[in-house]
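Examination of the molecular architecture
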Amino acid sequence: MIDIKLLREQPEQVKEAISRKKFSVDIDQVIKLDAVRRAKITEAESAKAAQKAANQEMAQLVKGSPEFLEKVATMKSLSSSTKELETLAKEADEAFQAAFLEIPNMPDVSVPSGHTEADNEVVKTWGAIDGPFPNARPHYDIPWFESRIDFARGVKATGAGFPFYVGEMSRMVRALINYFLEVAHQNGYEEVSPPIVVNAESATATGQLPDKEGQMYWDANEGFYLIPTAEVPVTNFYREEILEAKNLPIYRCAYTPCFRREAGSWGADVRGLNRLHQFDKVELVKWTTAETSMDELEQLRSNVEQILEALELPFRVLKMCSGDIGFPHAKQYDLEVFAAGQKRWLEVSSCSNFTDFQARRAGIRYRDLEGKLKTAHTLNGSGLAIPRVLAAILENNLEEDGRVRIPEVLNKWMPETHLGETQ
RNA sequence: GGAGAGAUGGCAGAGUGGUCGAAUGCGGUGGUCUUGAAAACCAUUGAGCCGAAAGGUUCCGGGGGUUCGAAUCCCUCUCUCUCCGCCA
């Protein structure tokens, strides 16, 4: 949620900011609902105050006395009209809350305006993308690929987009997870193992609901959602809590499988590891004060870049334009690795500052050094998503003999030098 | 899954229809005392919403009901604990 005070005091500024995003909402309607709500609440509360005052008088009277019985009669009508006003106030409040929840976060002033991914700004490129991959080919065309990542049998067990990782490839996935967690640990992120199903309150707090309802798997029996990212349970760790400023920023990391229905996005570019319904990811999450969140975003980004450099994968960083950043985002960087076989950039991380948007929905606040309550800021970034990183390694590190060189930083978990088999 | 008990402020724990946002203790904060600290003593100490403010109002696990009036009575859901069953 955005700050309702800002919406009341500077509606034009809010409208202008939000119009830069791709979401269409009727902000004037929300402002109107807010005014109605406030009027109804004031009405109901003054009626309630009158009722309470009368009730106090009544408590002084002798029970069953003529005065008492008379008072009961007048209290009855007072009570029923109060109840009516309270119902109206509650309805007005709910109407407002529902509409208010549909307003996306405002993009930060540093976010470039734009409508599509073509308007995203490349702010950094690392590594050479031309030339150094003489043997590269799309990972799904590597002869032994299907024997290590078995999509056909995944279809039997579950369906499309749920492959089995077999043998050395399963160990490779585990190595990547371990390496990512280790780097996160070294950078000061405390590891957590969160639940991988969440309730609707959690999904609402981080902004998946009501925006992305159809993208999550849902258990009708319990009303739980399979997490699309560890961001959801991890951010909700502190839901409805008050933190101390002296303990901020808090850094956490988590490895989890992630589940995405990807409804409507099944098309040409989803072969192999490019897009799966279930994938592994290490997520980095931060809770900060309002003052530091933008600096923390830059640090978060560099924490992720460090991993790609160590893996020797060429990458670029996109500063996402206003039309391409998500519903709860204020600012977002996407990191893409170059997959030399497909000659494509694959998104492997998204680093975002949600400012106070998620925290306000989640009720995550902090007491500043003067003791005042403030809404926290939340951030997160993938560090990293496994399958696409793996795809880039398979493609870029493919050698003349048909095997794939394993990055040295993984040696602790994968002591062998190569994956696959010679041709 | 079955039986029973329970859910009150940061924590512990009173309160069984009106004067209860709620006793008391602990903890926190400020002060007195002290060279300093401890102890002792005094004061203070929840959050949401409406309001420019004064003030008002809501919240005793969630929702609903009874009543002029609910922390307190009824229904229901959720969660916790104990025992039994089952099971990684």
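What you see is a predicted model, and the numbers here were worked out from it, not measured in a lab.

This part covers the pairing of strand β11 (residues 315-319). Pairing geometry for strand β1 (residues 121-126) and β11, over 5 bridges, is antiparallel. Across the sheet, the residue bridging to E121 is K319, located in β11. Bridge count between β11 and strand β12 (residues 331-339): 5 bridges; the pairing is antiparallel. What sits directly across from F315, in β12, is V337.

A separate point is the sheet that holds β1. Within the open sheet, the 8 strands sit side by side as β1-β11-β12-β13-β16-β10-β9-β4. Their pairing is mixed. The strands lining the two open edges of the sheet, one partner per strand, are β1 and β4 (190-192). Strand-to-strand twist across the sheet, computed as the mean angle between neighbouring axes with direction ignored, equals 25°. Summarising the sheet, strand β10 (residues 278-288) and strand β16 (residues 377-385) pair through 7 bridges and their orientation is antiparallel. Its bridge partner lying in β16, L284 is registered against G381. Relative to the sheet, helix α7 (residues 168-186) contacts β4, β9 (250-259), β10 and β16, its axis offset from that of β10 by approximately 5°. Of the strands in this sheet, β1, β10, β11, β12, β13 (344-353) and β16 touch helix α10 (residues 293-310), which is tilted by about 5° from β16.

This part covers helix α2 (residues 11-19). Residues of α2 that are buried: V14, A17 and I18. All buried residues of α2 fall inside an arc of 90° around its axis, so they share one side. Among the exposed residues of α2, those pointing more than 90 degrees away from its buried face are E12 and E16. Where the residues of α2 are buried, they touch α1 (4-9) and α3 (27-60).

A cis amide bond links L248 with the next residue in sequence, P249, at an omega value of 0°. By secondary structure assignment, the location of P249 is in the loop between β8 (241-244) and β9. Cis geometry is found at the peptide bond from G383 to L384, where omega equals 10°. Take L384: it is sitting in strand β16. Positive phi, close to 60°, is recorded for E312, a residue that is not glycine. Examined against the element boundaries, E312 turns out to sit in the loop between α10 and β11.

The rules behind the values
- Residues numbered from 1 in each chain as written.
- Chains lettered and ligands numbered in written order.
- Predicted model: local features only at pLDDT ≥ 70, side-chain atom pairs only at ≥ 80, totals over all residues.
- Pairing = 2+ DSSP bridges.
- Helix = DSSP H or I, 4+ residues; strand = E, 2+ residues; numbered from the N terminus.
- Axes fitted to C-alpha atoms, helices over the stretch in contact; angles between N-to-C directions.
- Contact = placed C-beta atoms within 7 Å.
- Buried ≥ 20, exposed ≤ 12 C-beta atoms within 10 Å, placed from the backbone.
- Arc of directions from axis to C-beta.

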